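Listed below are the residues making up each chain.
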Amino acid sequence: MMATSCKNASTIMPGPTADPQLNQSTTLESRSASNDKAVVVGIYGVPGSGKTFLLDQLKQELGQKHFEFYEGSEMIANLVPGGLIAFQKLDKPEKLHWRQLAIHTIGKECADSGRVAVVAGHFMFWPEEEEAGQPVYTQADLRTYTHVLYLDVPAELVAQRVLDDTERSRTLPSINHLRRWQQAEQTQLRRLCRDHGILFSLVFPHPTLLNKVSILLRDFQHHTEEYNLTRAESRIDEVLVAGKGQLETVLVMDADRTLVAKDTGALFWKMVSNSRQSRDEECQLKTLFSSPLGYSYTAFRQAALLYEEAAMDEEFNVLCDHVASMMTIHPEFVSLLQLAKEQEHVGAVVATCGLRRVWEKVLEREGMSETVKVIGGGRVADGFVVTAAVKAAVVARLRDTHHMYVWAFGDSVLDLPMLSKADQAIVVVGEEQTRSRTMDAALLNAIDNDGLRARQALIPSNVPPRLDTTQLPLIQLTDPEFIDSIIHRRSRHPLHVLHATDRNAAKLLMTPMRDATVAGPALREAHCRVGWYLATEFLTEMIGLEEYSIPHVQGHHTSGYRLCHEKNTSIVALMRGGEAMALGVNEAFPRAMFVHAKRPEDIEPHHLLRQHTVMLVDSVVNSGKTVVNFVRHVRSLHATIRIVVVAGVVQAQSVSEGSPTHALASRTNFSLVALRLSDNKFTGRGTTDTGNRLFNTTSLP
């Protein structure tokens with residue numbers, strides 16, 4: 001994609017040798033894993049579209065503290081001994097070497113400096129006398145570029161600029177040829193970018209062009225999947241702060257084909273297509289989500305850029321108004337939303353992968369915009385896009401951080417992670433011809449293998465159910481018992497406890513811990529195994545994972561996973577009984593900080609500085625008094641850090657309603673993970689004390 005402006009030096013890779021059969025899944029896997037790679041933005045357009053002029057304007061507007069600006073031809077000239085003249089005399093393999101080195105150098109320079117690279121270059125050259133244009137991209141370009149902006153300038157204006165340019169000698173193409181050239185570039189670039197995980201957008205000549213591109217570049221600079229999730233979580237925090245103060249229960253509802261029978265996104269693009277008298281726009285989202293990108297974060301970011309292309313702000317708002325005016329919320333959901341409006345302890349949120357603006361207008365028409373807020377995107381200015389993972393994170397944030405009892409309502413595969421995270425999950429089943437075709441298989445898998453427990457609501461009530469009513473029991477949204485189950489008051493902030501008591505794995509792991517003949521190193525090893533098991537089975541589920549790039553044995557890079565914010569996690573071994581188990585947790589999370597603490601005061605402020613999570617690890621929790629003291633101390637040092645207590649055995653009474661541990665959980669945010677909950681109130685002493693057994697000190701007085 002990066003090329004010089006001289007025809008002989010422009011062929012980064014001649015068309016016939018470009019590899020159209022590049023393994024797309026590997027490319028996307030490598031790209032998605034490369035969270036630490038440089039952001040490299042290509043600015044493209046036919047000669048005369050104003051790339052160099054825009055690049056110079058961007059230098060002035062953005063400065064070079066966070067951005068670095070490159071002309072493709074200048075980079076090649078600087079690298080090749082003898083400059084462009086020498087380069088033009090090289091054979092094709094040598095030229096290919098220098099071209100790929102140029103883009104590799106740009107990527108490395110900006111990865112090292114942390115700046116965003118903005119590169120002006122060419123995608124294709126097409127002399128008018130030739131039948132087809134000659135693409136100039138290489139596989140190195142496809143691996144390096146993260147974004148491409150294409151200057152879609154009217155052919156008449158391009159021709160006039162070429163005619164007026166007295167500094168460069170250019171052949172003046174015909175208007176028709178310029179249009180063919182632009183269309184070919186846009187079509188091929190859009191496909192290549194989609195297939196290789198590169199975000200692509202057209203930008204148009206307009207008095208606001210510089211401002212528009214500057215906004216996009218600043219967005220590209222910091223927008224990652226992690227940032228996206230953080231922005232979405234911040235949005236739900238803002239919604240709760242601005243809403244009712246006594247909330248206990250929140251209804252989280254999908255929008256399209258859940259609240260209404262139609263798909264607002266499809267209707268939006270149909271209107272765009274009709275206004276332009278072209279069917280191409282109508283298929284934009286379908287083509288995108290059918291590509292290797294699927295329904296990934298990158299795909300939804302690309303969808304936001306498509307909406308940016310489709311209309312300027314004023315026209316976009318008009319289109320959203322028209323779409324909203326054609327939506328009618330199902331009466332059953334109108335009643336539920338009205339119920340949430342009337343109950344001070346019940347709230348409602350619409351979480352949509354579609355257009356926030358449309359759904360705000362729909363709710364406004366129903367008189368509910370003040371009480372029902374929308375978590376959605378659709379435009380770059382929204383700050384985030386809503387994916388399946390974001391929906392799940394919204395529910396988890398409400399449940400685990402804000403301690404709400406969450407009901408989730410959804411209809412499609414994208415809603416399954418959200419439904420799985422909720423306290424109560426309702427699958428909305430509509431007309432057969434408009435249902436998600438992939439939902440049945442995914443739903444069955446979630447029920448059989450992922451532990452989803454859900455019910456289904458048929459809208460209208462005479463449509464056939466999904467699966468069968470044993471696997472997915474029927475409920476009616478208007479049933480008084482169902483409504484009562486939503487509006488009854490609950491204790492706020494219940495203690496979140498995960499345990500493996502009835503699992504076969506727990507039975508195996510607990511055997512050496514309970515065996516009186518096992519002590520010393522063998523018992524410490526058993527505790528270590530338990531710590532590793534609890535970390536991998538429960539803590540990863542509770543806290544989540546983050547993706548990062550690892551070298552594959554076959555020579556390329558692929559995705560690896562580690563605990564979310566693992567480096568910002570402190571594992572505290574409550575001495576001495578908790579050390580062996582804490583070491584097992586640390587084996588699972590090797591980047592975490594490890595701290596020994598005999599008393600709460602042994603945890604000092606620097607142990608929590610810039611940390612996201614602290615894990616308090618002990619072998620046994622009896623009355624819960626020790627846990628309460630440690631949690632209170634940690635909370636006094638850090639008001640918002642996530643606290644997780646990890647233990648081998650926990651006396652069930654110590655975490656029951658009314659216990660000090662449970663009472664503390666109602667006022668502060670902490671969770672508990674255990675191998676086993678025990679009804680046995682026995683507390684070990686002397687030869688039965690776990691600490692003595694771990695270190696062979698049972699004979700000491």
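The structure we're discussing is the one just above.
This structure is a prediction, so every number in the text was calculated from the model and none was measured.

Draft legend 1. Main features of the overall build of the protein. The helix and strand tally for the protein stands at 27 helices and 21 strands. In the protein, buried positions account for 53% of the 701 residues. Summarising the internal contacts of the protein: among those between residues at least 6 apart in sequence, 75% fall at separations of at least 24. Put simply, the protein shows about 32,000 Å² of open surface, and 50% of that area lies on carbon and sulfur atoms.

Draft legend 2. Examining the packing of aromatic side chains more closely. With the rule as written, the count across this model stands at 15 aromatic pairs. For the ring pair Tyr307 and Phe316, a centre distance of 6.4 Å and an interplane angle of 75 degrees mean the geometry is edge-to-face. For Phe316, a relative accessible area of 5% corresponds to the buried category. Ring geometry for Tyr405 versus Trp407: centroids 6.4 Å apart, planes at 65 degrees, classification edge-to-face. Trp407 gets classed as buried once you look at its relative accessible area, which sits at 1%. Within the aromatic cluster, the residues linked to one another by ring pairs are Phe268, Trp269, Tyr307 and Phe316.

Draft legend 3. Local environment of the nonpolar core. Of all hydrophobic cores here, the largest spans 64 residues; its most connected members are Leu58, Val118 and Leu217. Top contributing element to this core by residue count: helix α8 (residues 175-195), with six residues. In contact with Val118, not counting residues within four places along its chain, are Val41, Ile43, Leu55, Leu58, Phe67, Glu68, Phe69, Tyr70 and Leu217.

Draft legend 4. Representation of the sheet that holds strand β3 (residues 116-120) in the model. Taken in spatial order, the five strands of this open sheet run β2-β3-β1-β6-β7, and their pairing is parallel. With partners counted over all chains shown, the strands left at the sheet margins are β2 (67-71) and β7 (199-203), one partner each. The mean inter-strand angle of the sheet, taken between neighbouring strand axes irrespective of direction, is 20 degrees. In this sheet, strand β6 (residues 147-151) lies alongside strand β1 (residues 40-44) in parallel orientation, the contact comprising four bridges. The residue bridging Tyr44 from the neighbouring strand is Tyr150, located in β6. Contacting β2 and β3, helix α3 (residues 72-79) crosses the sheet at an angle of about 80 degrees to β2.

Draft legend 5. Region of interest: the pairing of β7. The element β7 is largely enclosed, with a buried count of five among its five residues. Residues of β7 alternate between two faces, with Leu199, Ser201 and Val203 on one and Phe200 and Leu202 on the opposite face, all of them buried. As paired strands, β6 and β7 are joined by five bridges and run parallel to one another. Within β7, the residue paired with Val148 across the bridge is Phe200.

Draft legend 6. Representation of the packing of helix α14 (residues 313-325) against helix α16 (residues 356-365) within the structure. Closest axis-to-axis distance for the α14/α16 pair is 8 Å, and the angle between their directions is 50 degrees. As summarised for this structure, α14 and α16 are arranged oblique, according to the angle between their axes. At the point where α14 passes α16, the crossing takes the right-handed sense. Residues Phe316, Asn317, Cys320, Asp321, Val323, Ala324 and Ser325 of α14 form the contact with α16, whose participating residues are Arg357, Val358, Lys361, Val362 and Arg365. Split into classes, the residues belonging to the contact of α14 with α16 amount to six nonpolar, two polar and four charged.

Cut-offs and rules
Residues numbered from 1 in each chain as written. Predicted model: local features only at pLDDT ≥ 70, side-chain atom pairs only at ≥ 80, totals over all residues. Heavy atoms only, no water. Helix = DSSP H or I, 4+ residues; strand = E, 2+ residues; numbered from the N terminus. Buried < 20%, exposed > 50% of the residue type's maximum accessible area, 1.4 Å probe, protein only. Contact = heavy atoms within 4.5 Å. Areas by Shrake-Rupley, 256 points an atom, 1.4 Å probe, with all protein chains shown as cover. Phe/Tyr/Trp six-rings, centres within 6.5 Å; stacked < 30°, edge-to-face > 60°. Core = buried A, V, L, I, M, F, W, Y, C linked by side-chain atoms within 4.5 Å. Pairing = 2+ DSSP bridges. Axes fitted to C-alpha atoms, helices over the stretch in contact; angles between N-to-C directions. Parallel < 35°, antiparallel > 145°, perpendicular 65-115°, else oblique. Left-handed = near helix turned anticlockwise from the far one by under 90°. Nonpolar A, V, L, I, M, F, W, Y, C, P; charged D, E, K, R; others polar.

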